[in-house]
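Coordinate inspection notes
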Amino acid sequence: MPLLIKNGEIITADSRYFADIFCEHETITKIDRSIPAPEGTEIIDATGKYIFPGFIDPHVHIYLPFMGTYSKDTYETGSQAAVVGGTTTLIEMCCPARQDDALGAFELWMSKAVGKSACDFTFHMGVTKFDDESEDQIRDIVQRGISSFKIFLAYKGAFGINDTELYRTLKLAKELGVIVTAHCENETLVAERCRELLAAGKTNPAHHHESRPPLVEAEGVHHLMTFAELTGAATYIVHLSCKEALSAALAARQRGVRVAIETLIQYLVLDKSYAERSNFEGAKYVMSPPLRDASNQPILWNGLRDGLVQTVATDHAPFDFQTQKPMGKDDFTKIPNGIPSLEERINLLYTHGVKTGRIDLHTLVNVASTQVAKLFGLFPKKGAIQLGGDADLVVFDPTYRGTISARTQHMNVDYSAFEGWKLEGRPSVVTVRGQVAARDGKFTGQIGRGQFLKRTPNHF
Ligand code: URP
Ligand code: ZN
Ligand code: ZN
């Protein structure tokens, strides 16, 4: 059925105007004032509302095998939460264990998403080892429509790669025109500091930060930047959390290194005092890199405002507080790392970013949609509101007032890191390729409608 969104204010990364949007066959076919509605058209009145391009989360984990368990959301639950919160495209990390082969993992990850997602999706291909066989498989995976890799400089013995593998991965990426996303923390420092802290009896969640302070992250960034400079590969630092790491990345950028920077909504609105909460409550806030001192927050917000930081993701990795986080009850190094936030990214960015004047509406669209689409080869089908583009649209109600609670969230996890927080605005209608998929906090879409987005390299 055709769809007409009337009387809204269209907000893109670089424009703002009032117009109607007409969508047919999954795409935007008209943008104009006072578009008439042919018979059988579904009409949405967007008076008083903003219309954003569908948001894209460039860093999520769905049912990730990690630290002896699995992150809780499947595509069925995770994509519903995404859509309700205004995110219409997911970029998930395909993360094979070191002993697994890349192609098998890619096919496994695909099988968990195809026919099960309510929104479109693609993957960053995790390169968790690099040898002749995996190189052949990775080349094949790029042919199948993947144009970004994911590497971990952390997680020794699990996903982490050594320097030889890092060098070869970046050289391959450069050859293929693939962008390399990277988790930057020095794994040797993390392992040594964890050992020292545990030996000193420092076992609770508050000590997670001491095991990987800002310098450990900055060293990881500097390390990646050195390899990127030598190979000429395009890089993207995931979940950058602090001033020290930002300085290392910006210094490299100034030298000509090709690097884009992602921060997370968690680092913008939460700080390390949350992970220091008593009675193991801090475990809800354990992730890596850790939540930082609050003094880092204005630096990250300003980085977004000034275009130094390109994107805001969630690194969504939900683990239940009752049954999974307690795996690290007596040893913080065993707490599954992750803070659920897929559903709340846009609402929090709007409430704590736009409403407070830290960023403007265009920056919100840019960092949570347009830049992501450009960096990862999805633009202008995604990340824009223009003729011929996918009709992924968010009709956003800036007058909504509400409260976040685990009781009402769609994410499949037993707590909210933002329990009781007030929201000032949320999506009123969300469309996925021209079909309404969420209304006022309720999922109304179709599981399985989401499509795999084939991408081609060399978009950076
Ligand atoms: O704590 C985190 N970030 N959990 C998810 C895995 C990762 O490092 O991205
Ligand atoms: Zn990571
Ligand atoms: Zn992650």
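To be clear, the structure that these remarks concern was listed above.
Notes on the structure follow. Predicted model, so just to flag it, every value in this text is computed and none were measured. (Residues numbered from 1 in each chain as written. Chains lettered and ligands numbered in written order. Predicted model: local features only at pLDDT ≥ 70, side-chain atom pairs only at ≥ 80, totals over all residues. Heavy atoms only, no water.)

Within the protein, the regular secondary structure consists of 12 helices and 19 strands. Taken against the 2.2 N^0.38 rule, which gives 23 Å for 460 residues, the C-alpha radius of gyration of the protein at 21 Å falls within 12% of a compact globule. Its C-alpha atoms put the protein at 70 × 50 × 40 Å along the principal axes. The buried share of the protein, reckoned over its 460 residues, is 61%. Looking at the protein as shown, the accessible area adds up to about 16600 Å², and 49% of this sits on carbon and sulfur atoms. Put simply, the protein has 49 plus and 55 minus side-chain charges, and the middle of one group is 2 Å from the middle of the other. (Helix = DSSP H or I, 4+ residues; strand = E, 2+ residues; numbered from the N terminus. Rg over C-alpha atoms; globule rule 2.2 N^0.38 Å. Buried < 20%, exposed > 50% of the residue type's maximum accessible area, 1.4 Å probe, protein only. Areas by Shrake-Rupley, 256 points an atom, 1.4 Å probe, with all protein chains shown as cover. Lys, Arg positive; Asp, Glu negative; His and termini not counted. Charge placed at Lys NZ, Arg CZ, Asp CG, Glu CD.)

Only His183 (ND1) and His239 (NE2) from the protein reach the zinc ion (ligand 2) as donors, at distances of 2.0 to 2.1 Å. In this structure, the zinc ion (ligand 2) is surrounded by four donor atoms whose angles at the metal cover 56 to 149 degrees, and the resulting shape is irregular. Between the zinc ion (ligand 2) and the zinc ion (ligand 3) the interatomic distance comes to 3.8 Å. Placement of His183 in strand 12 (residues 179–183) and of His239 in the loop between strand 13 (235–237) and helix 8 (243–255) is noted, with a sequence separation of 56 residues between them. For the pair shown, His183 and His239 are each scored as buried. (Donors = N, O, S within 2.8 Å, 3.2 Å for Na, K, Ca; no water. Tetrahedral: all angles 85-135°; square planar, octahedral: opposite > 155°, others 65-115°.)

Next up on the list: the site of ligand 1. Neighbouring ligand 1 are His59, His61, Phe66, Tyr155, His183, His239, Met287, Ser288, Asp315, Ala317, Asn337 and Gly338. A distance of 3.1 Å separates an oxygen atom of ligand 1 from a polar side-chain atom of His61. Considered class by class, the residues forming the shell around ligand 1 number four nonpolar, seven polar and one charged. (Near = heavy atom within 4 Å. Polar contact = N/O pair within 3.5 Å; in protein donor to acceptor, adjacent residues only side chain to side chain. Nonpolar A, V, L, I, M, F, W, Y, C, P; charged D, E, K, R; others polar.)

Sheet architecture is open: eight strands sit in the order 6-9-10-11-12-13-14-15, paired in parallel fashion. Edge positions in the sheet fall to strand 6 (55–60) and strand 15 (311–313), since each has one partner strand and no second. Strand after strand, the sheet turns through a mean of 30 degrees between neighbouring axes, direction not considered. Where helix 11 (residues 345–354) meets the sheet, its contacts fall on strand 6, strand 9 (87–94) and strand 15, and the angle it forms with strand 6 comes to roughly 110 degrees. (Pairing = 2+ DSSP bridges. Axes fitted to C-alpha atoms, helices over the stretch in contact; angles between N-to-C directions. Contact = heavy atoms within 4.5 Å.)

The omega torsion of the bond from Ser288 to Pro289 falls at -10 degrees, within 30 degrees of zero and hence cis. Structurally, the position occupied by Pro289 is in the loop between helix 9 (265–269) and helix 10 (296–305). The residue after Phe379, namely Pro380, is reached through a cis peptide bond having omega 5 degrees. Its identity as a non-glycine residue notwithstanding, Glu26 has a phi of 80 degrees, on the positive side. Turning to its location among the elements, Glu26 is positioned in the loop between strand 2 (16–24) and strand 3 (27–32). Overall, the relative accessible area of 32% leaves Glu26 in the partly exposed class. Of note in this structure, Phe280 is not a glycine but carries a positive phi near 65 degrees. For Phe280, the position within the fold is in the loop between helix 9 and helix 10. Exposure remark for Phe280: the relative accessible area of 10% places this residue in the buried category.

So, on to the coordination of the zinc ion (ligand 3). At 1.9 to 2.1 Å from the zinc ion (ligand 3) lie its protein donor atoms, namely His59 (NE2), His61 (NE2) and Asp315 (OD). What the four donor atoms of the zinc ion (ligand 3) show is an angle range of 86 to 136 degrees at the metal, which sorts the shape as irregular. All donors of the zinc ion (ligand 3) come from a single chain, and their spacing in sequence reads H-x1-H-x253-D.

Relative to the helices and strands, Thr235 is located in strand 13. Its relative accessible area of 0% is what places Thr235 among the buried residues. Among the polar contacts made by the side chain of Thr235, one reaches the main-chain carbonyl oxygen of Arg258 at a distance of 2.7 Å.

The grouping of Asp100, Asp101, Asp131, Asp132, Glu133 and Asp136 at the surface amounts to a negative patch. As for its placement among the helices and strands, Asp131 is situated in the loop between strand 10 (120–126) and helix 3 (132–143). (Patch = residues over 30% accessible without salt bridge, like charges linked within 9 Å, V, L, I, M, F, W, Y side chains within 5 Å. Salt bridge = Lys/Arg side-chain N within 4 Å of Asp/Glu carboxyl O.)

Turning next to the pairing of strand 17 (residues 422–432). Most of strand 17 sits inside the fold, with nine of its 11 residues counted as buried. Pairing of strand 16 (residues 393–403) with strand 17, which is carried by eight bridges, proceeds in the antiparallel orientation. The residue of strand 17 that forms the bridge with Asp397 is Arg426. Hairpin connection of strand 17 to strand 18 (residues 435–439): two residues between the antiparallel strands, including Arg433 at a positive phi of 40 degrees.

Right, let's talk about the nonpolar core for a bit. In this structure, Phe52, Phe123, Phe149, Leu224 and Leu270 are the most contacted members of the largest nonpolar core, which totals 139 residues. With eight residues, helix 12 (residues 361–375) is the single largest residue contributor to this core. When residues no more than four places from it in sequence are discounted, the contact partners of Phe123 are Tyr75, Ile91, Glu92, Cys94, Phe106, Trp109, Met110, Ala113, Ile146, Ser148, Phe452 and Arg455. Grouped together as the second largest cluster of nonpolar side chains are 16 residues, Cys23, Ile28, Leu393 and Val395 included. (Core = buried A, V, L, I, M, F, W, Y, C linked by side-chain atoms within 4.5 Å.)

In this section: the packing of aromatic side chains. One pass over the full model with this rule turns up 25 aromatic pairs. On the basis of an interplanar angle of 85 degrees and a centroid distance of 6.2 Å, the ring pair of Phe106 and Phe123 is categorised as edge-to-face. One end of the pair, Phe106, is in helix 2 (residues 102–113); the other, Phe123, is in strand 10, and 17 residues separate them in sequence. Judged by relative accessible area, Phe106 falls into the buried class, the value being 3%. Here Phe123 falls in the buried class, since its relative accessible area comes to 0%. Relative to Tyr155, the ring of Phe152 has its centre 5.7 Å away and its plane inclined at 55 degrees; by these criteria the two rings are tilted. Pair check on accessibility: Phe152 and Tyr155 agree, each one buried. A network of ring pairs unites the aromatic residues Tyr50, Phe52, Phe55, Tyr350 and Phe396 as a single cluster. Above the face of the Trp109 ring, Lys112 is positioned so that its terminal group lies 5.0 Å from the ring centre. For the cation-ring pair, Lys374 lies above Phe379, with the distance from its terminal atom to the ring centre recorded as 4.9 Å. (Phe/Tyr/Trp six-rings, centres within 6.5 Å; stacked < 30°, edge-to-face > 60°. Lys NZ or Arg CZ within 6 Å of the ring centre and 35° of its normal.)

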